[in-house]
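# Summary of structural features
Here's the letter readout for the chains.
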Amino acid sequence: KSLSFSTRDIVCGLFFILAGLFFAIQAYGLDLGTAFRMGPGYFPFVLAGILIVLGVIVIIQGTQIEHEPMGPIAWRGMLLILPAPIFFGLTIRGLGFVPSLFLTALIAAFASNKMRPGMALLLVCGLTIFSVVVFSYALGLPFRRFGPWLGQ
C-alpha cells in the first residue's frame, strides 16, 4: 500500500499551526499566571497550544487515511451560518438577548436542507428558553432580555 496524502488536510493543518503560533506569540508578552490564578495571557496561550496540536493531528491524519474526493460546497449552510453570529452581535443591544438569540438560532437552523419549519421553531424555542435559564437566572448575567427597539 503506497503512502497517500491529502493536500487539503496538509494545508488545513499548516493553517492551524500558523494561527496557533501567531496567537502564542501575541500572548507571549502577557503575564501567564497559573491554572488557578490565570493571567491575561494564559487563556490565549493555552488555546494557541491546542490549535498547534490540532494542526499536527490533522497533518498526521492527512498522510495516513484514504481520502474521499471533496463533495460540493454547501452554499446554503455558509450563507446562513456565517452571518448568524454577526446578526446576533448587531442586534443584541437593540432587540435584547431573547429576540436576538431566537432570530439568530432561527437563521442558523435553516442552514440544513433537512430542517422543517415546525422542528426549527421547536428547537429554537428550546434553545432560547435553555439559554435564558442558564445565562440569566442560573449565572445571573446582567443583560437585558428585551431591548429598547421593542419599546422597553
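Below or above, wherever it landed, is the structure these notes cover. (Residues numbered from 1 in each chain as written. Predicted model: local features only at pLDDT ≥ 70, side-chain atom pairs only at ≥ 80, totals over all residues. Heavy atoms only, no water.)

In globular proteins that are soluble, nonpolar side chains generally tend to be buried together. In terms of nonpolar packing, the biggest core is built from five residues, these being Ala 105, Ala 109, Met 115, Ala 120 and Val 124. Counting residues per element, the ones that place at least two in this core are helix 5 (97–109) and helix 6 (117–138). Excluding residues within four positions of it along the chain, Val 124 makes contact with Phe 102, Ala 105, Leu 106 and Ala 109. (Core = buried A, V, L, I, M, F, W, Y, C linked by side-chain atoms within 4.5 Å. Buried < 20%, exposed > 50% of the residue type's maximum accessible area, 1.4 Å probe, protein only. Helix = DSSP H or I, 4+ residues; strand = E, 2+ residues; numbered from the N terminus. Contact = heavy atoms within 4.5 Å.)

Checked against the element boundaries, Ser 131 lands in helix 6. With relative accessibility at 6%, the residue Ser 131 sits in the buried group. Engagement of the side chain of Ser 131 in a polar contact is seen with the backbone oxygen of Leu 127, the distance being 2.9 Å. Not counting residues up to four positions away in its chain, the partners in contact with Ser 131 are Phe 97, Leu 101 and Ser 136. (Polar contact = N/O pair within 3.5 Å; in protein donor to acceptor, adjacent residues only side chain to side chain.)

Within the secondary structure, Ser 100 is located in helix 5. Look at Ser 100 and you get buried, because its relative accessible area is 0%. Non-local contacts of Ser 100, meaning those with residues more than four positions away in its chain, are made with Phe 87, Phe 88, Thr 91, Ile 92 and Leu 95.

Taken N-terminus to C-terminus, the directions of helix 4 (residues 83–95) and helix 5 make an angle of 160°; their axes are 8 Å apart at the nearest point. Put simply, helix 4 runs roughly antiparallel to helix 5. Here helix 4 runs over helix 5; the crossing is right-handed. Here Ala 84, Pro 85, Phe 87, Phe 88, Thr 91, Ile 92 and Leu 95 of helix 4 lie close against helix 5, whose contacting residues are Phe 97, Pro 99, Ser 100, Leu 101, Leu 103, Thr 104, Ile 107 and Ala 108. (Axes fitted to C-alpha atoms, helices over the stretch in contact; angles between N-to-C directions. Parallel < 35°, antiparallel > 145°, perpendicular 65-115°, else oblique. Left-handed = near helix turned anticlockwise from the far one by under 90°.)

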